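# Fold and contact review
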Amino acid sequence: QVQLVESGGRLVQTGGSLRLSCAASGRAVSSYAMGWFRQAPGKEREFVAGIDWSGVNTYYADSVKGRFIISRDNAKNTAYLQMNSLKPEDTAVYYCAARMIGSTASYHTWDYDYWGQGTQVTVSS
């Protein structure tokens with residue numbers, strides 16, 4: 001079993017930056033692809049960013065491309081999401097996820113095996 005714990009979410013002003021962390025425990029996730037998703041009130045959970053096990057290949061939703069950066073430190077069993085130029089529409093609960101089967105990240109929630117509890121990001125206008 002893998003446990004994922006997100007941290008770093010808080011209230012920030014438009015244009016600000018945040019770095020979210022996703023710490024894994026229970027098993028090394030160095031061979032897992034990792035993803036970040038978000039869910040705003042009344043909306044479905046949506047893909048934000050993904051990273052392959054090696055960290056070489058990254059994937060982004062169009063809405064965050066150029067503003068967000070996903071990374072990982074396998075030695076620390078942790079993934080990160082650097083969020084810059086934040087907008088009010090980025091307000092959501094952010095979740096990290098680990099994909100056990102397959103080394104590439106996926107855009108789909110159903111491809112991930114483990115999920116964290118989420119961290120709230122609120123961007124004020």
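Everything here concerns the structure above.
I will try to describe carefully the structure that is included in this document. Throughout, a residue's number is its position along its own chain's written sequence, starting from 1. Thresholds applied to this predicted model are a pLDDT of at least 70 for local features of residues and 80 or more for the giving and counting of side-chain atom pairs; totals over whole chains, interfaces and linings are not thresholded and use all residues. No hydrogens and no water enter the side-chain calculation; it runs on all heavy atoms of the structure.

Any Lys or Arg side-chain nitrogen found within 4 Å of a carboxyl oxygen on Asp or Glu counts as a salt bridge. Tallied over the entire structure, the rule returns four salt bridges. Residue D90 is joined to R67 by a salt bridge in which the shortest nitrogen-to-oxygen separation is 2.8 Å. Taken as a pair, D90 in the loop between β8 (78-83) and β9 (92-99) and R67 in the loop between β6 (58-60) and β7 (68-73) lie far apart in primary sequence, 23 residues in all. Of the two residues, D90 and R67, neither departs from the other in class, the shared state being buried. It is possible to trace a salt-bridge network through shared partners that takes in R38, E46, R67 and D90. Each helix is a run of H or I in the DSSP string that is no shorter than four residues. Each strand is a run of E no shorter than two, and both are numbered from the N terminus. Using a 1.4 Å probe on the protein chains alone, a residue whose accessible area is under 20% of its type maximum counts as buried, one over 50% counts as exposed, and one in between counts as partly exposed.

Let's shift gears to unusual backbone geometry. You will see that N77, though not glycine, has its phi angle at about 55°, which is positive. Residue placement: N77 occurs in the loop between β7 and β8. Given a relative accessible area of 14%, N77 falls into the buried group. Positive phi, close to 50°, is recorded for S85, a residue that is not glycine. Judged by relative accessible area, which is 40%, S85 ranks as partly exposed.

Points on a 1 Å grid over protein atoms alone make up a cavity when a 1.4 Å probe fits among them but cannot get out, and a pocket when they form an open set with protein on both sides within 12 Å along at least five of seven lines; lining residues each have an atom within 4 Å of a point. Grid points are joined across faces, edges and corners, and a volume is the space filled by probe spheres set on the points. Overall, the coordinates contain one cavity of 30 Å³ or more when judged by the stated rule. A volume near 30 Å³ is recorded for the largest cavity. Around the largest cavity, the lining residues are C22, A24, V29, M34, R72, N74, N77, T78 and A79. Elements that contribute at least two residues to the lining of the largest cavity include exactly β3 (18-25) and β8. Partitioned by chemical class, the residues of the lining of the largest cavity number five nonpolar, three polar and one charged. Nonpolar residues are Ala, Val, Leu, Ile, Met, Phe, Trp, Tyr, Cys and Pro. Charged residues are Asp, Glu, Lys and Arg, and all others, Gly as well, are polar.

This part is about the state of the cysteines. When two cysteine sulfur atoms lie within 2.5 Å, the pair is treated as a disulfide. Under the defined criterion, the tally for this structure stands at one disulfide. Note on cysteine connectivity: C22 is disulfide-linked to C96, with sulfurs 2.0 Å apart. Here C22 and C96 share a disulfide; its torsion about the S-S bond, 55°, makes the bridge right-handed. Within this pair, whereas C22 is found in strand β3, its partner C96 is found in strand β9, the two being separated by 74 residues in sequence. For the pair C22 and C96, one class covers both residues: buried.

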